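# Coordinate analysis (summary)
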Protein chains: 2
Amino acid sequence: MYRTVNNGELSKKNIGQQVTMCGWVQKSRDLGGMTFVDLRDRYGITQLVFNMETNSELCEKARSLGREFVIQIVGKVIERASINKEMKTGEIEVAVDQIIILNKSKIPPFTIEDQTDGGDDLRMKYRYLDLRREPVKNNLILRSEVAFHTRTYLKNQGFLEIETPVLIKSTPEGARDFVVPSRLNQGEFYALPQSPQTFKQLLMVSGYDKYYQIVKCFRDEDFRADRQPEFTQIDCEMAFVETEDILKTFEGLMKNILFETKGIKIDEVPRMTYADAIRDYGTDKPDLRFEMKIMNLESVCKGSGFNVFDSAETVLGVVVPGGAEFTRKQIDSLTDWVKRPQIGATGMIYCKFNEGGENKSSVDKFFDVSALKSWKEISGASDGDMLLILAGKKSVTINAIGNLRLEVAERLSLRDPNLYKPVWVTDFPLFEFDEETKTYHAMHHPFTSPNIDDMKLLETDPKMVRANAYDMALNGTEIGGGSIRIHNKELQQKVFNLLGFSDEEAHEKFGFLMEAFEYGAPPHGGIAFGLDRICAVIAGSDSIRDFIAFPKNNSGRDVMLDAPSKIDNDQLNELGLQTK
Amino acid sequence: MYRTVNNGELSKKNIGQQVTMCGWVQKSRDLGGMTFVDLRDRYGITQLVFNMETNSELCEKARSLGREFVIQIVGKVIERASINKEMKTGEIEVAVDQIIILNKSKIPPFTIEDQTDGGDDLRMKYRYLDLRREPVKNNLILRSEVAFHTRTYLKNQGFLEIETPVLIKSTPEGARDFVVPSRLNQGEFYALPQSPQTFKQLLMVSGYDKYYQIVKCFRDEDFRADRQPEFTQIDCEMAFVETEDILKTFEGLMKNILFETKGIKIDEVPRMTYADAIRDYGTDKPDLRFEMKIMNLESVCKGSGFNVFDSAETVLGVVVPGGAEFTRKQIDSLTDWVKRPQIGATGMIYCKFNEGGENKSSVDKFFDVSALKSWKEISGASDGDMLLILAGKKSVTINAIGNLRLEVAERLSLRDPNLYKPVWVTDFPLFEFDEETKTYHAMHHPFTSPNIDDMKLLETDPKMVRANAYDMALNGTEIGGGSIRIHNKELQQKVFNLLGFSDEEAHEKFGFLMEAFEYGAPPHGGIAFGLDRICAVIAGSDSIRDFIAFPKNNSGRDVMLDAPSKIDNDQLNELGLQTK
């Protein structure tokens, strides 16, 4: 027994007790005849006190302790002279009688503090030290909690946790597969799953009508910021269900997670079609923590001889609450922002509706007082607001104004980190049409079932077919998505054909699934949530990397392990492989 | 809403209710004017009834349903004429008003029954149909339950679930690694983890003092019966603990699992040293469901002029309760059994202690009445028992008699499938000495700490050093094992050296861990249980394959997916690889 209490649990009621404690030396301070050491573990920090007068030898030993030394102490809980209300254990300190140094520590390459002096690369190399920092620890604890409450909720809903294999068959499902050469079957490869999609559908065919798994998935992508080659999904599937059943079940999951981890109660998750989301928010993952809907201004802007509007495919605006106060500099900065290549607008027009009733636009030459009044009316702006207008090609402009909406909200601090606003986005298109290659891609994945009302359009105008697909967005981030699946072999074949798979290719890649559909496949559907992403959004972070214990960097390397790395020639020979 | 009730929940109290149900047609029977259809889902079977007189059209439709068709019905719950007490829903049946065929089914390639007519290969190819069978379903439900109760128990003990990476660095840790070629770092490879061993130790260095994870692990072994290239571990680690803390914590886990899944209460898990286990049971995973300890008979067998005994390194016996009744044929069959090459004994000697007090051995020529009496005394046999004796080389004989003990118990049905007898085996040797290569191997793994009392032997006689290592065996199967780890860089280096790693090799493979030990590594230890194995033992099965939803066959192939398989040349080129 190394300890009787941890560093987070002592309070006034323990005063007088003898305790044995372990932990790391966070810091120490010498104040006259006293030495104070902050002892840290997963549970908190406890102040240890040593008195030079009463035990100089022990006090000297305490003074010799370096940062991050691991020690065990025996001592007595006493009341603190000056109570620290910021600390859980701030009412007490421990007068130490005995120290055992369990392990020494070199001076860490960066400080183990909430705000550390260590750069990104250094912290990744010494990830085991970075993990000691409070904010990182809290992230991993949050993740553990989210996973636990997810499992408990789904278990209570009758879901079975079923593991699907990691060594599977390579199938082109969006991104590239990681592959694993087989030694016993030389020249052949397993693939790592991009998701357990086909397996969970097979489980439905097998009659396991409520399946879930929290599972690692793998994508060999060209690394971008905040993508990881391995990531974790909360993967779920149900049989004998319609969209409504799934939305209800997983709305419940999200409510449960938010309540258990944040104490926040959500009444109801609103729903919105994909078309409406694009129209009103310029994105399929709207941030509903603030209003600022996008307005179509074509009727009041076009036909006034202002060529920018007249020649534009669309004219869209967004009202900035209180924006009449914006300075010239603030507006210029927004104009520069929308003109960045990632946003792609050619310019920005504004109109201030000042408190006095006077309206002032950047295009007063072309629009008179009554025109501006009609802008105010149609956009629903109030005195003191400002209307921002973008015009141009439809697809670019809707995307740009959606981004502008978020940027303005960010600058106005309207994206409250303590608010949680999930939303279901439904009725996604089944296909995306790639103008370059003139081919269709599955918007969700090739197993998604078309909306039954649009079945005829499959033949005539595939890109207008809506899918039985839904995403959940939370605070402007997509955290999950799914669909009702196809469970009929002929329909599946038709969709594969529309996606450009020949019958042979479809058979080679998904023959087992097509065959399974011939032995009594039930109607089914499901959803997958990104666990890393849910944690990041709940904690108000942009980066999933902060919620992964041992992440890879943006080049897919684990710099702590130094992986990937070369392997022995013997190993290559056994696999029947040569590197070029 | 496809259904209002499932097929496992209706009873007398539902009589008169209108219900909508879904499921698979298990079988149908035409009896005169009535047709009965058994409708099956995950929850059970409900009998549907159709009456030719009252609705001939519907009854004809019912008669046209094939096995494994997926249907939806609307009907009314009625009392059964003849109650079936074997069935959960045997009190009622459902008089059907409406059938919708949700999907048809071809005739399955084998029967979906508890005892199926499908051979192993066929069932693997159509695994999704095999998974419909009740015994397979119950296995997966058991697995889901074991995982859930494991998580709940560990969470309640303060453990955090932390995920460790799957794409890691190749390290020679016992078996061969599966490797994953990197596209972005051509010529380099990730490896799949054989276990998260080093990561969980790093988490201890990071201060996460109670870690667990239910995690896939990978070993590229030459396949043997009942090995899978991917398998699942309940992986745990704790800091600031001694062996005692770990045994107490995980004894609690096993009690909890057995109670929650089987309703069985275990008082206390007995402990036994490795040396005692080998001496008394001839194995480090003793089956304690029955006694039959191995007896050393050297003192009463040697020196009587019987060369088989006199020239043997050891003479060991085991008492067969009631064995005096064994026929000549039964004894011969056992003799043949111990002489099989897997067992390796050269012969077997027996001595019956008959009920009348008369003793009769197969070596009466060499041993007189008083000698046999001394055998009886030393072995503790009673009238009616039989003593079986093996003699020969120590290592072979102890192993052979351990196996003989199990075989006899099996034949006498002493291995009661309803009894659960876990045992801790402790004090394993730290090293195994390989006589052929004259090198030491780590018995557990190279991170295992030596027993502090044996520290000096590290220099003088490494193979006598005991480890702080422990296994849990249940009913004769090892289900888990672990150790207190080394947390000191110098000691770790010394052990690596004894294992034949040069300092450079040790640094290259485990540099990050050695370095981590310099920054305040706490004392720590842990354990890993085989989830597949726990489920198999609890269900009384020999094979882990039955507890994996989509297992590989003995050549490491998934015959359903047809994986591993060839990949495109483009894909190979991208990876910078050539197959030979």
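Residues numbered from 1 in each chain as written. Chains lettered and ligands numbered in written order. Predicted model: local features only at pLDDT ≥ 70, side-chain atom pairs only at ≥ 80, totals over all residues. Heavy atoms only, no water.

What follows is about the overall build of chain A. Broken down by element type, chain A carries 17 helices and 23 strands. Across the 580 residues of chain A, 58% fall into the buried class. Sequence separation of 24 or more characterises 65% of the internal contacts of chain A that already satisfy a separation of 6 or more. By element, 47% of the accessible surface of chain A is carried by carbon and sulfur atoms, the whole surface being about 24,000 Å². (Helix = DSSP H or I, 4+ residues; strand = E, 2+ residues; numbered from the N terminus. Buried < 20%, exposed > 50% of the residue type's maximum accessible area, 1.4 Å probe, protein only. Contact = heavy atoms within 4.5 Å. Areas by Shrake-Rupley, 256 points an atom, 1.4 Å probe, with all protein chains shown as cover.)

Bringing the packing of aromatic side chains into the picture now. Enumeration over the complete set of coordinates arrives at 44 aromatic pairs over all chains. Judged by centre distance (5.9 Å) and plane angle (70°), the ring pair of A:Phe159 and A:Phe250 falls under edge-to-face. Note that A:Phe159 is positioned in the loop between helix H4 (134–156) and strand E6 (160–161) and A:Phe250 in helix H6 (residues 243–262), a separation of 91 residues in sequence. Of the two residues, A:Phe159 and A:Phe250, both sit in the buried class. Residues A:Phe367 and A:Trp375 carry aromatic rings whose centres are separated by 4.9 Å and whose planes lie at 55° to one another, so their mutual orientation is tilted. Following the ring pairs from residue to residue traces out a cluster consisting of A:Phe306, A:Phe309, A:Phe366, A:Phe367 and A:Trp375. One cation-aromatic arrangement involves B:Lys125 over B:Tyr126; the distance from NZ or CZ to the ring centre is 5.2 Å. Its end group placed over the ring of B:Phe433, B:Lys463 keeps NZ or CZ at 5.7 Å from the ring centre. (Phe/Tyr/Trp six-rings, centres within 6.5 Å; stacked < 30°, edge-to-face > 60°. Lys NZ or Arg CZ within 6 Å of the ring centre and 35° of its normal.)

Relative to the assigned elements, A:His149 resides in helix H4. Excluding anything up to four places from it in sequence, A:His149 contacts A:Asn256 and A:Glu260.

Residues and elements named next belong to chain A. Reading around the barrel, the 5 strands line up as E1-E2-E3-E5-E4 and close back on themselves, with mixed pairing between neighbours. Averaged over all adjacent pairs, the angle separating strand axes in this sheet is 55°, with direction ignored. On the sheet, helix H1 (residues 56–63) packs against strand E1 (18–31), strand E2 (34–41), strand E3 (44–51) and strand E5 (92–103) and is oriented at approximately 65° with respect to E5. (Pairing = 2+ DSSP bridges. Axes fitted to C-alpha atoms, helices over the stretch in contact; angles between N-to-C directions.)

In this structure, the amide linkage connecting A:Ala563 to the following residue, A:Pro564, adopts the cis form with an omega of 0°. By secondary structure assignment, the location of A:Pro564 is in the loop between helix H16 (531–538) and helix H17 (569–575). One non-glycine residue with positive phi stands out, namely A:Asn475, at about 55°. Structurally, A:Asn475 is set in the loop between strand E20 (469–474) and strand E21 (477–484). Using a relative accessible area of 6% as the deciding quantity, one classes A:Asn475 as buried. Phi angles above zero are rare outside glycine, and B:Asp562 is one such case at about 60°. Within the secondary structure layout, B:Asp562 lies in the loop between helix H16 (531–538) and helix H17 (569–575).

With an RMSD of 0.1 Å, chain B superimposes on chain A once it is rotated by 180° and translated 0.0 Å along the axis. One copy is carried onto the other by what is essentially a two-fold rotation axis. In this assembly, 99% of the residues forming the interface of chain B have copies in chain A that are likewise at the interface, indicating an isologous arrangement. (Least-squares fit on C-alpha atoms with pLDDT ≥ 70 in both.)

Next up on the list: the state of the cysteines. Residue and element names in this part refer to chain A. Going through the model one piece at a time under the given rule, you end up with 0 disulfides over all chains. In this structure Cys301 is not part of a disulfide, and its nearest cysteine sulfur, from Cys351, lies 9.5 Å away. Since its relative accessible area comes to 0%, Cys301 is described here as buried. (Disulfide = S-S within 2.5 Å.)

Moving on: the domain arrangement of chain A. Annotation of chain A at the domain level lists domain 1 (12–103), domain 2 (136–162 + 195–271 + 421–541) and domain 3 (290–411). On a C-alpha basis, the centres of domain 1 of chain A and domain 3 of chain A stand 61 Å from each other. (Domains from an automatic or database assignment.)

Residues and elements named next belong to chain A. Among the 6 residues in E20, 6 count as buried, and that is most of the element. Across the two faces of E20 the burial is the same, with Ala469, Asp471 and Ala473 and Tyr470, Met472 and Leu474 all buried. Examined bridge by bridge, strand E17 (residues 422–426) and E20 share 5 bridges and lie antiparallel to one another. In the sheet register, Val423 faces E20, and the bridge partner there is Ala473. As judged from the 6 bridges shared by E20 and E21, these two strands associate in the antiparallel manner. Within the sheet, the bridge partner assigned to Leu474 lies in E21 and is Thr477. Linking E20 to E21, which pair antiparallel, is a turn of 2 residues; within it Asn475 sits at a positive phi near 55°.

Taken together, the contacts link 124 residues of chain B with 123 residues of chain A. Carbon and sulfur atoms supply 56% of the area buried between chain B and chain A, which totals about 11,400 Å² over both sides. When the area that chain B buries against chain A is broken down by residue, the three leading residues are B:Glu163, B:Phe240 and B:Tyr519, summing to 7%. Summed over the shared surface of chain B and chain A, the number is 20 salt bridges. Where B:Glu188 meets A:Arg557, a salt bridge forms, and the shortest distance between an N and an O atom there is 2.8 Å. The element that contributes the greatest number of residues to the side of chain B that touches chain A is helix H4 (residues 134–156) of chain B, accounting for 13 residues. In terms of residue class, the side of chain B that touches chain A is made up of 63 nonpolar, 25 polar and 36 charged. (Buried area = accessible area lost by both parts, 1.4 Å probe. Salt bridge = Lys/Arg side-chain N within 4 Å of Asp/Glu carboxyl O. Nonpolar A, V, L, I, M, F, W, Y, C, P; charged D, E, K, R; others polar.)

All names here are of chain A. Interhelical geometry of helix H5 (residues 197–205) versus helix H15 (residues 503–516) gives an angle of 20° and a closest axis separation of 10 Å. Here H5 lies roughly parallel to H15, going by the angle between them. The crossing of H5 and H15 is left-handed. Touching Thr198, Gln201, Leu202 and Val205 of H5 are Phe510, Phe512, Leu513 and Ala516, all from H15. Here the residues of the contact of H5 with H15 are counted per class, giving 6 nonpolar, 2 polar and no charged. (Parallel < 35°, antiparallel > 145°, perpendicular 65-115°, else oblique. Left-handed = near helix turned anticlockwise from the far one by under 90°.)

Right, let's get into the confidence of the model for chain A. The share of residues in chain A with pLDDT of 70 or more is 99%, and the mean pLDDT across the chain is 94. For this predicted complex, the interface confidence reaches an ipTM of 0.95, while the overall pTM sits at 0.96. (pLDDT = per-residue confidence, 0-100.)

So, about a negative patch on the surface. Taken together, the side chains of A:Asp503, A:Glu504, A:Glu505, A:Glu508, B:Asp568 and B:Asp570 make up a negatively charged region of the molecular surface. No other element matches the 4 residues that H15(A) contributes to the negative patch. Position of A:Glu508 relative to the elements: it lies in helix H15. (Patch = residues over 30% accessible without salt bridge, like charges linked within 9 Å, V, L, I, M, F, W, Y side chains within 5 Å. Lys, Arg positive; Asp, Glu negative; His and termini not counted. Charge placed at Lys NZ, Arg CZ, Asp CG, Glu CD.)

Right, let's talk about the environment of B:Val308 for a bit. Residue and element names in this part refer to chain B. Of note, Val308 is situated in helix H9 (residues 307–310). Here Val308 falls in the partly exposed class, since its relative accessible area comes to 41%. Placed 82 residues apart in sequence, Val308 and Leu390 show a C-alpha to C-alpha distance of 9.5 Å. Beyond its immediate sequence surroundings of up to four residues, Val308 is in contact with Ile349 and Ala391.

All names here are of chain A. Among the 9 residues that make up strand E9 (residues 210–218), 8 are buried, leaving the element largely enclosed by the rest of the structure. Judged from the 2 bridges that link them, E6 and E9 form a sheet pairing that is parallel. What sits directly across from Glu161, in E9, is Tyr212. Across 9 bridges, the pairing between E9 and strand E10 (residues 230–239) is antiparallel. Bridge pairing in E10 places Lys210 opposite Met238.

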